[in-house]
Protein chains: 2
Amino acid sequence: MSRLGAQTLRYDRPPVIAAHRSIAGGKEGEGPLGKWFDAILEDDLLGQKSWELAESEMVRRCARDALDDAGLSPGGVDALLGGDLNNHIIATSFAARKLRAPFLGLYGACSTFVEALVLGAALISAGGLDSALCCASSHFCTAERQFRFPLELGTQRPPQASWTATACGCALLRAEGRGLRITSGTLGRVIDMNISDANHMGAAMAPAVFDTLSAHLADTRQEAADYDLIVTGDLGWIGRNLLLELFRKAGIDVPEDRLVDCGASLYRQEQDVHAGGSGCGCVAAVSCGWIMKRIERGEFRRVLLSGSGAMLSPTSSQQGQSIPGISYAVCIERGD
Amino acid sequence: MSRLGAQTLRYDRPPVIAAHRSIAGGKEGEGPLGKWFDAILEDDLLGQKSWELAESEMVRRCARDALDDAGLSPGGVDALLGGDLNNHIIATSFAARKLRAPFLGLYGACSTFVEALVLGAALISAGGLDSALCCASSHFCTAERQFRFPLELGTQRPPQASWTATACGCALLRAEGRGLRITSGTLGRVIDMNISDANHMGAAMAPAVFDTLSAHLADTRQEAADYDLIVTGDLGWIGRNLLLELFRKAGIDVPEDRLVDCGASLYRQEQDVHAGGSGCGCVAAVSCGWIMKRIERGEFRRVLLSGSGAMLSPTSSQQGQSIPGISYAVCIERGD
């Protein structure tokens, strides 16, 4: 493994995406990507006693299915890397206790899935692991409890608010095999432009996405057009426009039709999610369920996948703090 | 980098601990290790408006001092890795926004510091980074707000409860230079033995510590006596005894006088902390302030440093869930 520029890792032994699985909830299943997900939940409680246990069960099933696809037993993967939006990432860690694989708990808010890919790929490329299961999840109901108000209140949501997706994505990386490869990864810096509206995540995160994507292009000496597709996690419709504006101001040419946002793609406007989908599971499920499959089917060859997170907590919001953002990115390539 | 056994990484280019810094609060300063810490806070609020901002400021100062010691500017380190006990690790991420270095947010509860050392060392050994600042913090007041009750309530604490330390530790790892080296790291698995008493962290975490330490010894084909010292994070007096019992039952010989627990060392019995100190900052500050200095001074040559975390949240406790534990370990060696 080697370093390119200031923030990018080149995986000299690029790991293979040996398997990937996605699970989404009912509302997500009714969206434009519904048929792409590997499973749609009929019951958002998954038969569990609480929303948090439900989210953890969703992670467990998604991980188990990805491992099954790759012919690995639950304890047979060298490490599980991931996180979620619950306090202390309990959905992921409780799933990890059932899987019994070595665990690396991560937190990058909604960027956690891509943070996991960056680290998992690094550890495999470096020869430390032969396999790594990278995952992230979110659940609408656990997020409402975590960050906002009881569902029963029926609180009104402003136009710039996003909808936390009930979704989970798992990607199993391996040192050997056939499939898409992760060839580089870019670390993010925490960027804060003093946005304090907790209902405007797109604005809070766009600067961080700009920072990471422009660093990636500079570090790898590429232009945006060298990628068939550039994916962002959950900037939503508003945040995506802000990102394009930041690129324009910096003189970085990004063809608009090559920039797609997972959160802006997950729901139809008629589903009334306002600014779009969000949550750790958004980029995880959409990239595993939609993006990776399209690369595998030959529609794209090189994709720059990024995720972004708003590093706030209910406590920091209540204390009137602004919202720092962070973003990670990986290059996924199809070799022939 | 290569893998040993099931859970251990051997750092073929072992990084140097180029600098380390520790900050602790007033109560910690009055404990037996008081004179070992690099700084003792006169004001646990650090002049800030809230406990959370205070903890973040403590992290920022500790990180800045470690970087200064190594002659690096704040943005001059290749990555900051770390976390804390606050929801969504806001103490660390808010410090990261001021430092402007690439950031990898981690969460392993009170094991986070050692998780950061494992990953930071891996990324340096693999050639992806030249430097990594590994940190973790905790603050008594943020932890009480996070996990328990308002301070003003004066809630009684049971004998098996531990005291969250106001403390921070930062270790700056570099690919080159002189100093102690981290030669191997062991990943942990999430272990849950069905302890659900949120006031009994020692019992919740001891099985995970046993799992990781015994894996480390098996993976590296060593015995406990091959180490001059084996350090645990915050099992406390009770948890330490449980760990020794687990070793005895497994037939693993661990000389008791070589097993030291940071939480059990941090306070005097007269300070009435009950089972001992805990918190992410406990193992971070004690290992940076006390353990590393003693190795550097020649008292020890090879030390196995572990940290452990209880992966619960207030929500999981309120839902009656048991407490999963996790533990990571690194081998620190003094070369001559």
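Details of the structure are given in the entry above.
Quick look at the structure, then. (Residues numbered from 1 in each chain as written. Chains lettered and ligands numbered in written order. Predicted model: local features only at pLDDT ≥ 70, side-chain atom pairs only at ≥ 80, totals over all residues. Heavy atoms only, no water.)

Quick notes on the overall build of chain A
How we decide: For the purposes of this entry, the term helix denotes a DSSP run of H or I that reaches at least four residues, the term strand denotes a run of E that reaches at least two, and both are numbered from the N terminus. Just to be clear, the radius of gyration here is over C-alpha atoms, and the globule rule we use is 2.2 Å times residues to the power 0.38. A 1.4 Å probe rolled over the protein chains alone gives each residue an accessible area, and that area as a share of the maximum for its type sets the label: buried under 20%, exposed over 50%, partly exposed in between. Throughout, a contact is declared for two residues whenever any of their heavy atoms are within 4.5 Å. Accessible surface area values rest on a Shrake-Rupley calculation with a 1.4 Å probe, where residue burial reflects the displayed protein chains alone. For this count, His and the chain ends are skipped, Lys and Arg are scored as positive, and Asp and Glu as negative. Charge positions are represented by NZ for Lys, CZ for Arg, CG for Asp and CD for Glu.
Of regular secondary structure, chain A possesses 10 helices and 15 strands. Its C-alpha radius of gyration of 18 Å places chain A within 12% of the 20 Å reference for a compact globule of 336 residues. Along the three orthogonal principal directions, the C-alpha set of chain A runs to about 50 × 50 × 35 Å. Relative to its 336 residues, chain A shows a buried fraction of 68%. Long-range contacts, defined here as pairs at least 24 residues apart, represent 78% of the contacts in chain A between residues at least 6 apart. Only carbon and sulfur atoms are counted for the fraction: they give 46% of the accessible area of chain A, which is about 11100 Å². The centroid of the 32 positive side-chain charges in chain A is displaced by 4 Å from the centroid of its 39 negative side-chain charges.

Topic: the pairing of strand β14 (residues 302–310) of chain A
All names here are of chain A. The criterion, for reference: Only when DSSP finds a minimum of two bridges between them are two strands counted as paired.
Counting buried positions along β14 gives 9 out of 9 residues, so the element sits mostly inside the fold. Of the two faces of β14, both are covered, the one formed by R302, L304, S306, S308 and A310 as well as the one formed by V303, L305, G307 and G309. Relative to strand β15 (residues 325–333), β14 runs antiparallel, the two sharing 9 bridges. When the sheet's bridge partners are listed, A310 is paired in β15 with G325.

Observations regarding the interface of chain A and chain B
How big an interface is tends to be reported as the loss of accessible area on association of its parts. Our working definition: Once two parts are joined, some of their accessible surface, as seen by a 1.4 Å probe, is lost; buried area is that loss totalled over both. A side-chain nitrogen of Lys or Arg and a carboxyl oxygen of Asp or Glu constitute a salt bridge if their distance falls within 4 Å.
Contact with chain A, which involves 58 residues of that partner, is made by 58 residues of chain B. Both sides of the chain A and chain B interface together cover about 4800 Å² of buried area, and 60% of this is carbon and sulfur. Among the residues of chain A in contact with chain B, H88, R97 and V190 of chain A are the three that bury the most area, contributing 14% of the side total. Across the chain A-chain B interface, the total number found is 6 salt bridges. In this structure, R97 of chain B and D192 of chain A form a salt bridge, with 2.2 Å as the shortest nitrogen-oxygen distance.

A short note on the packing of aromatic side chains
Note the threshold: Each aromatic pair joins two rings of Phe, Tyr and Trp (for Trp, the six-membered one) with centres within 6.5 Å, and gets the label stacked for planes under 30 degrees apart, edge-to-face for over 60, and tilted for any other angle. For a lysine, the NZ atom is tested; for an arginine, the CZ atom; a charge sits over a ring if that atom is within 6 Å of the ring centre and within 35 degrees of the ring normal.
The full count for this structure, using the stated rule, is 4 aromatic pairs over all chains. Between F140 of chain A and W163 of chain A the ring centres are 4.0 Å apart and the planes differ by 10 degrees, which places this aromatic pair in the stacked class. Note that F140 of chain A is positioned in helix α5 (residues 140–147) and W163 of chain A in strand β8 (residues 163–164), a separation of 23 residues in sequence. Judged on exposure class, the residue F140 of chain A and its partner W163 of chain A are both buried. Seen from the ring of Y227 of chain A, R302 of chain A lies directly overhead, with NZ or CZ sitting 4.5 Å from the centre. Lying across the ring of W163 of chain B, K27 of chain B places its NZ or CZ 4.4 Å from the centre.

Looking at the relation of the copies chain A and chain B
Here is the rule we go by: Overlaid copies result from least-squares superposition on C-alpha atoms, with residues included only where pLDDT is at least 70 in both.
With an axial shift of 0.0 Å and an RMSD of 0.0 Å, the rotation relating chain A to chain B amounts to 180 degrees. The transformation relating the two chain copies, once decomposed into turn and shift, fits a two-fold axis. Using C-alpha coordinates, one finds that chain A approaches the rotation axis most closely at L106 of chain A, a distance of 2.1 Å.

Function cannot be inferred from these measures alone, as they are strictly geometric.
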